[in-house]
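Spelled out from the first residue to the last, the chains are:
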Amino acid sequence: PITLPSEIAFRWCQGRAALAEALNLSPSEPMVTDQADQPYIRVYDEFAQLLGVGQWQTPDPAFNENSSDDSCDLSPENLPPQPLQLQPIVVLQPK
């Protein structure tokens, strides 16, 4: 399980991902790497209320809104590092 601060919990319940760095978690931190291997993560707010189920993901650079098809070079050496994010899968408590 993971507990989200109230501001991040509100946005997460609206369908937005929570970045690991916004949660003060390093992508190499044991909790994050352990959970990255798990298919689903229970997500709670600061009051221990179950908000829903999430999953650690790395955003797909192919879906970057600011890139055009003609100038988009998706080769690995040209991609910036992608942040690890907790993506909502099922939200039980919309806020």
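## Section: the pairing of strand S3 (residues 41-44)
Phase 1 of the analysis: The two faces of S3 differ: Ile41 and Val43 on one face are buried, but Arg42 and Tyr44 on the other face are not.
Phase 2 of the analysis: Examined bridge by bridge, strand S1 (residues 2-3) and S3 share two bridges and lie parallel to one another. If you follow Thr3 over to S3, its bridge partner there is Tyr44.
Phase 3 of the analysis: Direction of pairing for S3 relative to strand S4 (residues 50-57): antiparallel, over a ladder of four bridges. Directly across from Tyr44, in S4, lies its bridge partner Leu50.

## Things to note about unusual backbone geometry
Phase 1 of the analysis: Although it is not a glycine, Ala48 sits at a positive phi angle of roughly 65 degrees.
Phase 2 of the analysis: When you line up the elements, Ala48 lands in the loop between S3 and S4.

## Comments concerning the pattern of salt bridges
Phase 1 of the analysis: All told, the structure shown has one salt bridge when counted by the stated rule.
Phase 2 of the analysis: Across the pair Arg11 and Glu7 runs a salt bridge, and its minimum N-O distance is 2.9 Å. With Arg11 and Glu7 both in helix H1 (residues 6-13) and four residues apart, the pair spans about one turn of that helix.

Analysis parameters
Residues numbered from 1 in each chain as written. Predicted model: local features only at pLDDT ≥ 70, side-chain atom pairs only at ≥ 80, totals over all residues. Heavy atoms only, no water. Buried < 20%, exposed > 50% of the residue type's maximum accessible area, 1.4 Å probe, protein only. Helix = DSSP H or I, 4+ residues; strand = E, 2+ residues; numbered from the N terminus. Pairing = 2+ DSSP bridges. Salt bridge = Lys/Arg side-chain N within 4 Å of Asp/Glu carboxyl O.

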